[in-house]
Amino acid sequence: MQDAYERCVYLERLGLFGCVQCGKCTAGCPINYVTTQEEPFNIRRLVYDVLNAPGEELASEKHFLWQCTTCGTCSLRCPKDIKPRDVVMNLRSILVEDGTLPPAIRDVLKSISINYNPWSLGKEKRAEWYKGLELKDASEAELCLYVGCTPAFDSRLQKLARSAVAILQKLGIDFGIFGTEEICCGNEIRRLGDTWSFDALREANTELFNGCENIRQVMTLSPHCWNTFRNEYPGLKAEVLHYSIFLARQLASGALKPAKEFAKRVVYHDPCFLGKQNEIYDEPRALLKSIPGIDFVEFDRNRENSLCCEGGGGRMWIEIEHAPERLANIRVRDAVEMGADVIAVACPFCLLTLEDAVKAMDLEGKVQVMDILEIINTTI
Amino acid sequence: MASKRIGVYICHCGVNIAQNVRIDDLRAFAAGLPGVRVAQNYMYMCSEPGQEMIRKDIAENRLDRIVVVACSPRMHEPTFRNAMKSAGLNPYCLEMANIREQCAWVHKDADVATAKAKSLLAAAVTKVSLLEPLEEREVPVTKTAMVIGGGIAGIQAALDIADSGFKTYLVEKDASIGGHMMQLDKTFPTLDCSACILTPKMADIKNHPNIELLAYSEVTDVKGFVGNFKVTVKRKPRYIDENICNACGSCAKYCAIAIKDSFNAGLSKLQALHIPFPQAIPAAYVIDPLACRYTREGTCRQCEQVCKDLNAINLDMQEHSIELDVGTMIMATGFEPFDANRKPELGYGRYENVITGMEFERIVSASGPNQGQLLINGKKPKEVVFIQCVGSRDKTVGNEYCSRVCCMYTAKHAHLVREKLPDAKITIFYIDVRAFGKGYEEFYDRVKGEEVYYRRGNVSEVYRKGDKLICRGEDTLLGQALEVPADLVVLAVGLEPSPGARELGQLLKLSKSPDGFFLEGHPKLRPVETGSDGVFLAGCCQGPKDIPDTVAQAGAAAAKAIIPLAQGMVKTETMVARVRAEACRACGYCVDACPYDAIALGEVRLGRATKTAAVVNEVLCKSCGACSAVCLSGAIQQSGFTDDQLLAVIGAIGKEY
Ligand SMILES: Cc1cc2nc3c(=O)[nH]c(=O)nc-3n(C[C@H](O)[C@H](O)[C@H](O)COP(=O)(O)OP(=O)(O)OC[C@H]3O[C@@H](n4cnc5c(N)ncnc54)[C@H](O)[C@@H]3O)c2cc1C
Ligand code: SF4
Ligand code: SF4
Ligand code: SF4
Ligand code: SF4
């Protein structure tokens, strides 16, 4: 157990003394939304508990800590600028240090230290997505296309990575990839509380990127990768951009001109790591709205009010028990009610969770989930 | 220089200083310093017995220099100067060493604190022996006041000053006085009709022989100093002569251009040619040049035709400026409601039935767009939700403060809903209820008793479900998230400083507190004064407050503003910059450096010859020292802080004791 002084420092570092128990964090929390009244996930209550009991004691009892998607809504809504999400990450760190982890999480962290990816796959498997493509090595180009682990390994998401390649080639942009040398960005790892592995990944990535003098810009497919590169990699020399920002710039300069029709009703789902956490709302919309023939519509809950899809914060690997309904289902149902043909996303995780929901709800003929990259690629 | 006879007085400040600085050591040390004739210590030097000790020693030991070793001079320098004056000593032969804030309070270790106190004491003794007696001077006062801002604060202050017999200008930027209070329906906690208690005061402004109302006007420049300000006021063109117009309103019927009615919080429309509201003072119409077809496109002039007989309309009216001499000024620029668009998650601007508290006031007001009927999209709302603390107590929008009135106005609003819609379900989300004023807790109790559900916790987001809005918050007493459906959501927006107050504050060199409102002279003891002599604060420009506090503060500001006018003379700064003309090379650096325009180059006599040198206007000089810091020749020196004195202080501090 921490002594009083250490405890104070710990609480002060998290800024928890300022909490006024307003409950805005809990009321905005998507996981509170889906957990039951009997066993609620209540982040406000957690902040209060941490204030009143040592973090370590608390962490050991809180198996539900793994439910948080680290979407950041709580931190965004908190009027006292407390970061309740960081409390979750801190407590998870204690669990990681103690080694009291659910098996699924343990596997992810183990794979990171062995394979430098969370998917327990050998690094040579990273070559799968670009089979048959002639691509430059990242060190030889100004733009590095960073695909990230999940799009590299997942067969559905590999299409995403290939769409990105196709778009960049059509735009005539000089770019390269790290191929099998690419390693995990560590965003999810940090969110799972493994700050030690994250530090190792950060060091390795920083060395890799900074070692290639030609690289001016890095374009990521996932807002999760972009988030950590942007906010947690202080030593990176290159400018890192999520593809939506990169392509919105191409659009503004006139280089990118979607010409073919995409005559569908499209609703855009804001990914938390792009929107709520990094305030990118307009760029993805600009891209979609530039497409001829598109019938662009908005969810009632959009932008700052968007609903999390439950894909982040390690939730790719762990399921919530007893959840009455998945958020992704709510999202899909809303889209269908609006008569949308396509739910557009700008994040590989959102794509997987929403597509799963479409399948689970037997709505495959009715609505389709597509990444903006895929849509754009069909129009140029 | 004859040797000085110095008295040193060390204060314990109760235990504040004594518990961490060894007073006896310090006194013995002081007694051994050159020139020190008396060294004493006392529990509270600022108390009457403490001051008496100094006065007695001056008389008995013929002391001519005093050092007080105590707290910050900010508070008590005037105290000790007065004590010296009453004992016949020049009050500028005083030096204070601050061993409370700079030693006792900041060092944990008594040895360290005591050693530092010795250095500061020695430096003060060194400096005091180099000080010269200074003369205080007085100049006559322009016996006129100016109040800026015509809300309830400005109205009350202007009436009070005028009643005491002094001419008062009231400058209001809008076309009518009245401010936000005029927009309110009823006022908590007594539920008086706001307009009914305000309009008589507005009429008094118009009819008072000592008040000159300058509506539709703005202050654009301020020069001078307390007692003798020169203020430039820009008079914006109304395009209608307020002295001729009898507010018959015939002209407005012919104006085809519609604009948002800002008095009704934008909820209704009026013409480009309009009167802001029926009880407006000046009771005259005005034309909005941004909307008027003639001022924008050069054609129309319909209205002029209508008013041919009176000929009050003059579309060629030009903006002009006037310069006014005033002795004192009161700032009463009020507040602006928080812009709810800055909290997008609450749905304002996205859903029509999410409104602000100010919009609610207009909707329920009998003079409002619905003649007082509470209708949303033509229907009576069945479920009404209020959300408190919107834009207040919220670091994410930079407003850490509590806006103080929104708890109570929300209670008032809930009461008004209950009065108009007996069957409505009323829910109020709150973090804390602050019912601090007289009769406020009682009012809060009463409102709760009217079947108003107070839920402890705040709303995180508002979204649509079917034809209802859902307010999702947590009831933190239950520890459960809560979804309350609503037909009407009212946001209790907080108060922010009025946007125009910023430039005005710069003109008058007023400081702001971290919350952005004007900073008072001292939070407890000088609550209506400012750092600029002769400028006082009233109402919400100093911080959010309700009407009772606003009126009380306006009265206090008026009383303070009257003092110099009644005295007829004001003291000018004593420790002013002085120029040694023989050393001045007329480079003019000091002229540029002076923020108060107190220095100019001029011809001065040096013996029989004349030469060009810097000349200080001692009345304007504020003793800031900017000039002496830039002067390369050491020709300009600030009295009481000359280079010699400061170098001696540095030398004394550098020594080991
Ligand atoms: C929704 C709401 C409901 C409220 N209900 C109540 C209630 O029931 N009871 C109660 O006691 N209090 C209530 N209040 C508080 C009350 O409105 C204030 O206490 C009061 O209006 C403060 O008056 P003021 O003169 O300081 O400011 P204001 O009313 O803001 O007046 C300031 C005036 O200065 C003018 N001005 C601004 N800048 C300049 C400039 N640069 N030059 C010239 N003129 C300028 C403005 O045009 C305005 O006329 C309520 C407030 C709100 C927002
Ligand atoms: S939103 Fe912030 S202040 Fe409110 S309960 Fe949560 S952590 Fe505390
Ligand atoms: S980060 Fe998101 S899921 Fe986690 S506690 Fe905060 S609001 Fe809930
Ligand atoms: S007065 Fe009440 S509603 Fe307004 S900011 Fe303060 S606590 Fe919140
Ligand atoms: S001290 Fe010098 S710079 Fe400051 S106000 Fe006086 S003349 Fe101006």
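Residues numbered from 1 in each chain as written. Chains lettered and ligands numbered in written order. Predicted model: local features only at pLDDT ≥ 70, side-chain atom pairs only at ≥ 80, totals over all residues. Heavy atoms only, no water.

Caption draft 1: Structural view of the overall build of chain A. Looking only at helices and strands, chain A has 18 helices and 9 strands in total. Computed over the C-alpha atoms, the radius of gyration of chain A is 21 Å, within 12% of the 21 Å expected from 2.2 N^0.38 for a compact globule of 380 residues. A principal-axis box enclosing the C-alpha atoms of chain A has dimensions of 60 × 50 × 35 Å. Counting only residues that meet the buried cut, chain A has 62% of its 380 residues in that class. When contacts within chain A are restricted to residue pairs at least 6 apart in sequence, those whose partners lie at least 24 apart make up 77%. When the accessible surface of chain A is split by element, carbon and sulfur atoms take 47% of a total near 14,900 Å². Considering chain A, the positive charge centre built from 44 side chains and the negative charge centre built from 54 side chains are found 4 Å apart. (Helix = DSSP H or I, 4+ residues; strand = E, 2+ residues; numbered from the N terminus. Rg over C-alpha atoms; globule rule 2.2 N^0.38 Å. Buried < 20%, exposed > 50% of the residue type's maximum accessible area, 1.4 Å probe, protein only. Contact = heavy atoms within 4.5 Å. Areas by Shrake-Rupley, 256 points an atom, 1.4 Å probe, with all protein chains shown as cover. Lys, Arg positive; Asp, Glu negative; His and termini not counted. Charge placed at Lys NZ, Arg CZ, Asp CG, Glu CD.)

Caption draft 2: Broad picture of the overall build of chain B. For chain B, the helix and strand inventory stands at 17 helices and 34 strands. Each principal axis of the C-alpha atoms in chain B carries an extent, and together these give about 90 × 70 × 40 Å. For chain B, the residues scored as buried account for 55% of the 657 residues in total. A sequence separation of at least 24 residues applies to 69% of the contacts in chain B between residues at least 6 apart. About 28,900 Å² of surface is accessible on chain B, with carbon and sulfur atoms providing 51% of the total. Of the side-chain charges in chain B, 77 are positive and 77 negative, and the distance between the mean point of each set is 2 Å.

Caption draft 3: Highlighting helix H12 (residues 195-210) of chain A. Residues and elements named next belong to chain A. For H12, with 16 residues, the first-to-last C-alpha span of 22 Å sits near the 22 Å given by 1.5 Å per residue. Every buried residue of H12 is accounted for by Ser 197, Phe 198, Leu 201, Asn 205, Thr 206 and Phe 209. Taken end-on, H12 shows its buried residues confined to a sector of 165 degrees, consistent with a single buried face. Exposed residues pointing more than 90 degrees away from the buried face of H12 are listed as Glu 203 and Glu 207. Packing partners of the buried residues in H12 comprise helix H8 (103-115), strand E2 (143-146), helix H11 (187-191), strand E4 (217-220) and helix H13 (223-232). (Expected span 1.5 Å × (residues − 1). Arc of directions from axis to C-beta.)

Caption draft 4: Spotlight on the packing of aromatic side chains. Throughout the structure, instances matching the rule amount to 17 aromatic pairs over all chains. The interplanar angle of 75 degrees and the centroid separation of 5.5 Å between the aromatic rings of A:Phe178 and A:Phe209 together place this pair among those described as edge-to-face. Linking A:Phe178 in the loop between strand E3 (175-177) and H11 with A:Phe209 in helix H12, this pair joins segments that are 31 residues apart in sequence. The same class applies to A:Phe178 and to A:Phe209, which are both buried. Relative to B:Tyr454, the ring of B:Tyr444 lies with its centre 5.0 Å away and its plane at 75 degrees, an arrangement referred to as edge-to-face. Here B:Tyr454 lies in strand E23 (residues 452-456) and B:Tyr444 lies in helix H12 (residues 440-448), a separation of 10 residues in the sequence. (Phe/Tyr/Trp six-rings, centres within 6.5 Å; stacked < 30°, edge-to-face > 60°.)

Caption draft 5: Inspection of the site of ligand 2 at higher detail. Near ligand 2, the surroundings consist of A:Cys19, A:Val20, A:Gln21, A:Cys22, A:Gly23, A:Cys25, A:Arg44, A:Cys78, A:Pro79, A:Lys80, A:Ile82 and A:Pro84. Each residue belonging to the shell around ligand 2 can be placed in one class, and the counts come to 8 nonpolar, 2 polar and 2 charged. (Near = heavy atom within 4 Å. Nonpolar A, V, L, I, M, F, W, Y, C, P; charged D, E, K, R; others polar.)

Caption draft 6: Molecular detail of the site of ligand 4. Residue and element names in this part refer to chain B. Surrounding ligand 4, one finds Gln 388, Cys 389, Ser 392, Arg 393, Cys 402, Ser 403, Arg 404, Val 405, Cys 406, Cys 407, Asp 432 and Arg 434. Of all the secondary-structure elements, those providing two or more residues to the shell around ligand 4 are strand E21 (383-390) and helix H11 (406-420). Along the lines of polarity and charge, the residues of the shell around ligand 4 split into 5 nonpolar, 3 polar and 4 charged.

Caption draft 7: A look at the pattern of salt bridges. Inspection of every chain in the model, using the stated rule, returns 54 salt bridges over all chains. For B:Arg100, the salt bridge is made with B:Glu101, and the minimal N-O distance between the two is 2.9 Å. Judged by relative accessible area, which is 17%, B:Arg100 ranks as buried. Note on B:Glu101: relative accessible area 25%, which makes it partly exposed. Of the charged contacts, one joins B:Lys167 and B:Glu212 as a salt bridge, the two residues approaching to 2.7 Å between their closest N and O atoms. Taken together, the positions of B:Lys167 in strand E7 (residues 167-171) and B:Glu212 in strand E10 (residues 211-214) put the pair 45 residues apart, joining distant regions of the chain. Using a relative accessible area of 31% as the deciding quantity, one classes B:Lys167 as partly exposed. Overlapping salt bridges, with partners in common, bring together A:Arg77, A:Arg301 and B:Glu461 in one network. (Salt bridge = Lys/Arg side-chain N within 4 Å of Asp/Glu carboxyl O.)

Caption draft 8: The packing of H11(B) against H12(B), seen in detail. All names here are of chain B. In contact at an axis separation of 10 Å, H11 and H12 are set at 35 degrees when each is read in the N-to-C sense. Crossing handedness for the pair H11 and H12: left-handed. Residue-level inspection shows Met 408, Ala 411, Lys 412, Ala 414 and His 415 of H11 in contact with H12, the latter providing Tyr 440, Phe 443, Arg 446 and Val 447. For the contact of H11 with H12, a count of residues per class yields 6 nonpolar, 1 polar and 2 charged. (Axes fitted to C-alpha atoms, helices over the stretch in contact; angles between N-to-C directions. Left-handed = near helix turned anticlockwise from the far one by under 90°.)

Caption draft 9: Here's a closer look at the interface of chain B and chain A. On the side of chain A, 25 residues touch chain B, which itself brings 28 residues to the contact. Interface area, chain B with chain A, both sides summed: about 2,300 Å², of which 41% is carbon and sulfur. Linking chain B with chain A are 3 salt bridges, by the criterion used here. Across the salt bridge formed by A:Arg301 and B:Glu461, the nearest N and O atoms sit 2.3 Å from each other. Summed over the shared surface of chain B and chain A, the number is 22 residue pairs in polar contact (both at pLDDT 80 or more). Secondary structure elements with two or more residues in the side of chain B that touches chain A: strand E24 (459-465), strand E25 (468-475) and strand E26 (480-486) of chain B. (Buried area = accessible area lost by both parts, 1.4 Å probe. Polar contact = N/O pair within 3.5 Å; in protein donor to acceptor, adjacent residues only side chain to side chain.)

Caption draft 10: Layout of the domain arrangement of chain B. All names here are of chain B. If you check the domain split of chain B, you get domain 1 (6-134), domain 2 (144-334 + 522-567), domain 3 (335-496) and domain 4 (577-639). Look at where the C-alpha atoms of domain 2 and domain 3 centre, and you get two points 30 Å apart. Between domain 2 and domain 3, the residue contacts involve 23 residues of the former and 32 residues of the latter. Between domain 2 and domain 3 the total buried area reaches about 2,200 Å² when both faces are included, carbon and sulfur atoms providing 65% of it. Summed over the shared surface of domain 2 and domain 3, the number is 1 salt bridge. Close ionic contact of Arg 404 with Asp 549 constitutes a salt bridge, the shortest N to O distance being 3.5 Å. Linking domain 2 with domain 3 are 8 residue pairs in polar contact (both at pLDDT 80 or more), by the criterion used here. Of all elements in the fold, only strand E8 (186-187) and helix H14 (547-567) reach the threshold of two or more residues within the side of domain 2 that touches domain 3. (Domains from an automatic or database assignment.)

Caption draft 11: Molecular detail of the sheet that holds strand E11 (residues 217-225) of chain B. Residues and elements named next belong to chain B. The 3 strands are arranged E11-E12-E17 in an open sheet whose pairing can be described as antiparallel. At either end of the open sheet lies a strand with only one pairing partner, and these are E11 and strand E17 (320-326). Averaged over all neighbouring strand pairs, the angle between strand axes comes to 20 degrees, with direction disregarded. Of the pairings in the sheet, the one linking strand E12 (residues 228-235) to E17 comprises 7 bridges and is antiparallel in character. Note that in E17 the partner of Thr 232 across the bridge is Glu 323. (Pairing = 2+ DSSP bridges.)

Caption draft 12: Representation of the pairing of strand E9 (residues 368-371) of chain A in the model. Residue and element names in this part refer to chain A. When strand E8 (residues 342-345) meets E9, the two strands line up parallel, connected through 4 bridges. Looking across to E9, one finds that Ala 344 is bridged to Met 370. A crossover connection joins E8 to the parallel E9 through helix H17 (residues 348-360); in handedness this β-α-β unit is right-handed. (Right-handed = clockwise from strand over helix to strand, strands pointing away.)

Caption draft 13: Spatial organisation of the confidence of the model for chain B. Counting all residues, the mean pLDDT for chain B is 95, and 100% of those residues have values of 70 or more. The complex model carries a pTM of 0.88, and its ipTM stands at 0.92. (pLDDT = per-residue confidence, 0-100.)

Caption draft 14: Region of interest: unusual backbone geometry. The residue after B:Phe188, namely B:Pro189, is reached through a cis peptide bond having omega -10 degrees. Along the chain, the position of B:Pro189 falls in the loop between E8 and strand E9 (192-193). Here the bond from B:Ile281 into B:Pro282 is cis, since omega is -5 degrees, no more than 30 degrees from zero. Positioned with a positive phi, A:Asp81 is a non-glycine residue whose angle comes to about 60 degrees. Looking at the element boundaries, A:Asp81 is found in the loop between helix H6 (73-77) and helix H7 (84-98). In this model, A:Glu310 sits at a positive phi of 75 degrees, which is unusual for a non-glycine residue. Looking at where A:Glu310 falls in the secondary structure, it is placed in the loop between strand E7 (295-298) and helix H16 (327-337). A residue is classified by how much of its surface remains accessible, and A:Glu310, at 8% relative accessible area, is buried.

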